[in-house]
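# Residue-level structure breakdown
Listed here are the chains, written in short residue letters.
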Amino acid sequence: MNHTETGVPLFEVKDLRVSFGRSETQLEAVRGISLTVNNGEVLGIVGESGSGKSIGMLAALGLQPETATVSGSVRFKGKELVGLSRRELRKLRGSRVAMIFQDPLSSLNPVMTIGAQITEALQLHNDQLSNKAALERAEELLKLVAIPQPDRRLSQYPHEFSGGMRQRVMIAMAVANDPDLLIADEPTTALDVTVQAQIMEVLADLQERLNLGLILITHDLGVLAGHADRVAVVYAGQIVEQASIDDLFAAPSHPYTRGLIASIPDMTADRERLFSIEGMPPALGRLPVGCAFHPRCPMCQEVCRTTAPLFRGNQKHEAACHFAELAEGGR
Amino acid sequence: MTRYILRRLFAMPFLVLGIVTLAFLLTTLTKGDPLTAIVSERQMNDPTVIAAAKARWGLDRSLPERYVIYVGNLVTGDMGTSFITRRAVAQDILFRLPATMELVIAAMIIGSTIGIALGVLAAYFRNTATDHFARLFALFGSSVPVFWLGLALLFVFSVKFGILPGPGRMDARLPLPDEITGFLTIDALLAGDLRVFIDALWHLILPAFVLGWSVAGTISRLVRANMLEVLGREFILTARAKGAGEMRVVLRHALRNTLVPTLTVIGYSFAYLLTGAILTETIFSWPGMGSYAVSAARGLDFPAIIGVTIVGGVVFLITNLITDIAYVIANPRVKLG
Ligand SMILES: Nc1ncnc2c1ncn2[C@@H]1O[C@H](COP(=O)(O)OP(=O)(O)OP(=O)(O)O)[C@@H](O)[C@H]1O
Ligand SMILES: [Mg+2]
């Protein structure tokens, strides 16, 4: 089952573009993203709010809003998903590819019991499964994500669960059909810091046990430390740097990445050292000429204002900056 | 839950008493002299006739006295005698209430079915022709008066094309089924008389549609707004990410979440339907409470007016109670002690 051996990656996105609106006034929210996830690999996607992380991944699964136009290629186990029929996409979603969302408070249906929601996920992809068997499996799943008293919990409604517990339910539901790929869109952003760690723990544990390919979307690079294998840094709808997590922290090549690293809240230091990158990310449709990051870049040069940088480096570590010096061993 | 219902039931008698008192007081406030309804004009100058009539109908007693007697009688189910029909008001009402209820319930079923369906479609296909049609339909239903709509449709479907029957509850040439529920359609079914059932249903469609249209409009607007809100919530995305089809997403996930406000508006539209029934019944010669109320009001038939008001109020109370209970059942977040 290991597709890396046969040369076909689990999930391969090439030049994915998502835009909103009609032809002349089209605004591009995702401007050509390419990335690859192999079996059992954890890819972190990091970037500020509005950089197109969610829209990009939603579009990859055909879940974008109606007003969006998607182009490019998304291959899952070699199968092209862009332009795939709704039926075929439905078969994949929730079974081979699952997704969980940012806000556990609103991502569960408030008028259905937890049990009904999990069994629905199971039965949607297995019409032979009896209600009883589905409920048993649902109970197992709740156990898997360490929810106490799972049998009792099944008949409860989302509002009877805390935020952390709800995110556990979402995770349980996502892995219900033993997917190959899980896309977790900021799974901990809406939670308390202590709960965040627990949820990351659950995710990491399941990822390892089920050998999940995992895409972990976040705007906090710190969350990825210790969890991701590789990281893609997104700025204004494009990937600006991609590297293994160790390389990224050891030798960040894009000034934006360095800014992100500097703004990780440092828990160990007594002083609150909250660095933040100056300025705001560009609004949709107001992209600066040249490098999209240049107005905020501390090392902006003349060339940055006129020419968009191309990727430099190699497949293991690349960055889109005129001044990235990866080939020479990084700076 | 049971405790909540019991508490509500316990409050009912007091509310009813309140309605009785109000109905009673309101009629005494009217300027009209009920004697004109009882005594013929020529005899109005004859003091002995007047005195006898006053004594006969209890009009010689003081207001508090009359009130106490009325409430006492009401407890035994006696609502007095109608000035006009000279029959017991309770009997008159019992005879006419089912006709109104049948009309109103049919109107409610038609109105909420059309309203919910249109609301869902309008939301799902927002800003398309479907949505515009639904908006127009709703606007028409709520702005065109019932009597105009009734007459127009009656003209088109009955007079012009003869597809639907004219006014009335059923063809007078058909045998009346035994009265069990008072609902002609149901009684016909119980009697096993399919011909009468179909005829009664045929007669019911147009007035029920006319009456239901206005609430269909209101309901469809509310359902549309709620559906739009719900369809934008994240759990809809979750359902799609699970692999649910659009049909399931819309009906099972979205629509169920709009149930609470929808039920509420349907429940409260009942009062509107009751009042709307008065006009509809008049146009369609429907032998219900509405037409009874109209003739009672015209004839200053005080016992009948009070009786109709009380029964209308009680029906309203009961539907409110049902609405509130349904609200609790449909909404898992409401917890009642
Ligand atoms: N339905 C939509 N119509 C128009 N523009 C949209 C729509 N959805 C998202 N966008 C735009 O697309 C851009 C990317 O949004 P996206 O939600 O992917 O950001 P994100 O990186 O996930 O941010 P966050 O960290 O806040 O979740 C934003 O500028 C947003 O305004
Ligand atoms: Mg997002």
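Not measured: the values here are computed from a predicted model.

### Topic: the nonpolar core
- Grouped together as the largest cluster of nonpolar side chains are 96 residues, with contacts concentrated most on F11, I118, L181, I183, I215 and V231 of chain A.
- Residues contacting V231 of chain A, with those up to four places away along its chain left out, are L43, G44, V46, L221, L224, E241, Q242, A243, I245 and L248 of chain A.

### A few points about the pattern of salt bridges
- As enumerated under the stated definition, the model contains 27 salt bridges over all chains in all.
- Residues R17 of chain A and D15 of chain A are paired through a salt bridge, measuring 3.4 Å at the closest nitrogen-oxygen approach.
- Since its relative accessible area comes to 35%, D15 of chain A is described here as partly exposed.
- Of the charged contacts, one joins E65 of chain B and R61 of chain B as a salt bridge, the two residues approaching to 3.8 Å between their closest N and O atoms.

### Some points on the site of ligand 1
Residue and element names in this part refer to chain A.
- Not every one of the 14 residues close to ligand 1 is listed here, only the nearest: S49, G50, S54, I55 and E186.
- At a separation of 3.0 Å, an oxygen atom of ligand 1 approaches a polar side-chain atom of K53.
- One of the side-chain N or O atoms of S54 is found 2.5 Å from an oxygen atom in ligand 1.
- In isolation ligand 1 exposes 640 Å². Once the protein is present, 66% of that is buried.
- Looking at the shell around ligand 1, the element that brings in the most residues is helix α2 (residues 53–60), giving three residues.
- Across the shell around ligand 1, the residue classes tally to five nonpolar, six polar and three charged.

### What about the interface of chain A and chain B?
- Listed as interface residues are 28 residues of chain A and, on the opposing side, 22 residues of chain B.
- Carbon and sulfur atoms make up 57% of the area that chain A and chain B hide from each other, which totals about 2,200 Å².
- For the chain A face of the interface with chain B, the top three residues by lost area are P110, V111 and E120 of chain A, together amounting to 24%.
- Joining chain A to chain B, the criterion identifies three salt bridges.
- Between R248 of chain B and E120 of chain A there is a salt bridge; the shortest N-O distance is 2.7 Å.
- Our enumeration of links across chain A and chain B arrives at twelve residue pairs in polar contact (both at pLDDT 80 or more).
- Where the side of chain A that touches chain B is concerned, the elements lending two or more residues are α3 (86–92), β6 (97–100), α4 (114–124) and α7 (163–174) of chain A.
- It is α4 of chain A that contributes the most residues to the side of chain A that touches chain B, four residues altogether.
- Tallied by class, residues from the side of chain A that touches chain B come to 14 nonpolar, eight polar and six charged.

### Notes on the UniProt feature "domain: ABC transmembrane type-1" (unreviewed entry) in chain B
- The feature "domain: ABC transmembrane type-1" (unreviewed entry), as given by UniProt, occupies residues 97–327 of chain B in the numbering adopted here.
- Summarising residues 97–327 of chain B: 80% helix, 0% strand, and an end-to-end C-alpha distance of 26 Å.

### Section: the UniProt feature "domain: ABC transporter" (unreviewed entry) in chain A
- UniProt annotation of "domain: ABC transporter" (unreviewed entry) refers to residues 11–261 of chain A when read in the numbering used here.
- End C-alpha atoms of residues 11–261 of chain A are separated by 27 Å, and the span's content is 36% helix alongside 26% strand.

Calculation notes
- Residues numbered from 1 in each chain as written.
- Chains lettered and ligands numbered in written order.
- Predicted model: local features only at pLDDT ≥ 70, side-chain atom pairs only at ≥ 80, totals over all residues.
- Heavy atoms only, no water.
- Core = buried A, V, L, I, M, F, W, Y, C linked by side-chain atoms within 4.5 Å.
- Buried < 20%, exposed > 50% of the residue type's maximum accessible area, 1.4 Å probe, protein only.
- Contact = heavy atoms within 4.5 Å.
- Salt bridge = Lys/Arg side-chain N within 4 Å of Asp/Glu carboxyl O.
- Near = heavy atom within 4 Å.
- Polar contact = N/O pair within 3.5 Å; in protein donor to acceptor, adjacent residues only side chain to side chain.
- Areas by Shrake-Rupley, 256 points an atom, 1.4 Å probe, with all protein chains shown as cover.
- Helix = DSSP H or I, 4+ residues; strand = E, 2+ residues; numbered from the N terminus.
- Nonpolar A, V, L, I, M, F, W, Y, C, P; charged D, E, K, R; others polar.
- Buried area = accessible area lost by both parts, 1.4 Å probe.
- UniProt positions renumbered as here; feature names shortened; annotations may be inferred.

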